[in-house]
Amino acid sequence: MTVTLYIVDAFTNEAFQGNPAAVCVLPEERDDSWLQNIAAEMNLSETAFLYPLQSGYSLRWFTPTTEVELCGHATLASAHILWEYGFLKFEEQATFHTKSGLLTAIKSGSWIEMNFPSEAPLKVDDYPSNLIQALSIDPLYVGRNRFDYIIEIESEDILKTLTPNYSLLGEIPARGVIVTSRSTSYDFISRCFFPAVGVNEDPVTGSAHCCLVPYWKEKLNQSNFTAYQASLRGGVLRLRSENDRVILAGQAITVLKSELLIR
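Conventions adopted
- Residues numbered from 1 in each chain as written.
- Predicted model: local features only at pLDDT ≥ 70, side-chain atom pairs only at ≥ 80, totals over all residues.
- Heavy atoms only, no water.
- Helix = DSSP H or I, 4+ residues; strand = E, 2+ residues; numbered from the N terminus.
- Buried < 20%, exposed > 50% of the residue type's maximum accessible area, 1.4 Å probe, protein only.
- Lys, Arg positive; Asp, Glu negative; His and termini not counted.
- Salt bridge = Lys/Arg side-chain N within 4 Å of Asp/Glu carboxyl O.
- Polar contact = N/O pair within 3.5 Å; in protein donor to acceptor, adjacent residues only side chain to side chain.
- Contact = heavy atoms within 4.5 Å.
- Pairing = 2+ DSSP bridges.
- Expected span 1.5 Å × (residues − 1).

Okay, the side chain of Asp202 next. Residue position: Asp202 is located in strand 14 (residues 199-202). Lacking a salt bridge, the buried Asp202 has Arg175 as its closest oppositely charged neighbour, with an N-O distance of 7.7 Å. Of note is the side chain of Asp202, whose polar atom sits 3.0 Å from the side chain of Ser45. Beyond its immediate stretch of four places on either side in the chain, Asp202 contacts Asn19, Ser45, His73, Cys192, Phe194, Gln229 and Ser231.

Structure (structure tokens):
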């Protein structure tokens, strides 16, 4: 038996840019060890697994080493596949049942808008000393939400040239570390590091913007943003805050379609 497996570049409209995610639409639920083995085989920052429910789809996300509770780019990739390959009509909403609750997505022209929970950070003063040591930075702010640390630094030039010590970062008791700054071309930019879950630097991280949006909303007193994640591949996000939700919009392009043997 085979199922189709796709690789989608998310938060970009150009192949080999943005963040690649594998998407596997299954006829039924599979056991966790099989899902983890496939994600390890794909060796991308996330592999998304979907199967149909009475109302929408079950959606789970796995890095090469572990399952995560929230992922933006693989959700974007999943919604893109559901519309592009006829699982849903273009005018239909994509509905996902996940470990972070109900997530939805709609098409808006060539963009996809996703409705995600807001994950605002709280300022912390008592943070691990190796957090700053691993990044060799002078922070303007350090905060934390249930997933990650967030650090604001002085400039985008410093952010773009960071060379983290990933061994030290991997010791931080969190999913990952978001580093952000103001930008001359965007409302803000960021880079995101997740060595603790098997991804040293994630190219474009939708879920990190569930933290970044409420942070910059309070700091800049605005609700709509255009942001850029300044990894080597890079990606653009259109964002807005709506009460306790964050609307993340991005583009996506399929770069591979293959057959996965189910054993």
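Right, let's get into the environment of Gly56. Tracing the sequence through the fold places Gly56 in the loop between strand 3 (46-52) and strand 4 (57-62). Note on Gly56: relative accessible area 24%, which makes it partly exposed. Each C-alpha atom, one on Gly56 and one on Val197, is 28 Å from the other, the two residues being 141 residues apart in sequence.

Attention now goes to the pairing of strand 1 (residues 2-10). Counted residue by residue, strand 1 has seven buried out of nine residues, so it is predominantly covered. In this structure, strand 1 lies alongside strand 18 (residues 252-261), joined through nine bridges in antiparallel fashion. By the bridge assignment, Ala10 is partnered in strand 18 with Ala252. Here six bridges tie strand 1 to strand 2 (residues 19-25), and the two strands are oriented antiparallel to one another. Along strand 2, the bridge assignment pairs Ile7 with Ala22.

Our focus in this paragraph is helix 2 (residues 73-84). Over its twelve residues, helix 2 extends 16 Å from the first C-alpha to the last, a length consistent with the 16 Å expected when each residue adds 1.5 Å. Most of helix 2 is tucked away: eleven of the twelve residues are buried. By the burial criterion, the buried members of helix 2 are His73, Ala74, Thr75, Leu76, Ala77, Ser78, Ala79, His80, Ile81, Leu82 and Trp83. Once helix 2 finishes, Gly86 follows within two positions and takes phi at roughly 80 degrees, a positive value.

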